[in-house]
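# Structural overview for review
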Amino acid sequence: VLSGAAMKVVFNHEDLEVFLTKACDVSPEHPVVISKFVENAKEIEVDAVASGGKVLNYAIAEHVENAGVHSGDATLVLPAQKLYCETVRRVKRVTFKIAE
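Residues numbered from 1 in each chain as written. Predicted model: local features only at pLDDT ≥ 70, side-chain atom pairs only at ≥ 80, totals over all residues. Heavy atoms only, no water.

## Observations concerning the confidence of the model for the protein
Within the protein, residue pLDDT values average 83, and 81% of them lie at 70 or more. Across the protein, the secondary-structure element scoring lowest on mean pLDDT is strand E1 (residues 2-3), at 53, and the one scoring highest is helix H2 (residues 85-99), at 96. (pLDDT = per-residue confidence, 0-100. Helix = DSSP H or I, 4+ residues; strand = E, 2+ residues; numbered from the N terminus.)

Take a look at the structure:
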């Protein structure tokens, strides 16, 4: 996935070369962001407020579309509806660790 305003999904080396060439023509001074596309992946987000190494509040949101489907205009559900309990526990654990 070539991310950004001109987001493109490429499936082979030939397409990648064509799209990178076009991107360089548009903006030779700015790099292209390349992300790995994982099919049927769920995208989740966590926002948190912390102070002094302690999380004061947090929210875990779930994207309605699978990862990679949207281009910055994602639809989210809060609170998350279809996450495994272990996924929520892992997100919370990492969030609290980052706050430290």
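## Some thoughts on unusual backbone geometry
Residue Pro79 follows Leu78 across a cis peptide bond; omega there is 0°. Inspection of the secondary structure puts Pro79 in the loop between strand E5 (76-77) and H2.

## Considerations on H2
Under the 1.5 Å per step criterion, the end-to-end length of H2 is 21 Å for 15 residues, consistent within 8% with the ideal 21 Å. Every buried residue belonging to H2 is among Val91, Thr95 and Ala99, and all of these are buried. For H2, the angular spread of buried residues about the axis comes to 75°, placing them on one side. Within H2, the exposed residues directed more than 90 degrees away from the buried face are Cys85, Arg90, Arg93 and Lys97. In the core, the buried residues of H2 are packed alongside strand E3 (44-51) and strand E4 (54-63). (Expected span 1.5 Å × (residues − 1). Buried < 20%, exposed > 50% of the residue type's maximum accessible area, 1.4 Å probe, protein only. Arc of directions from axis to C-beta. Contact = heavy atoms within 4.5 Å.)

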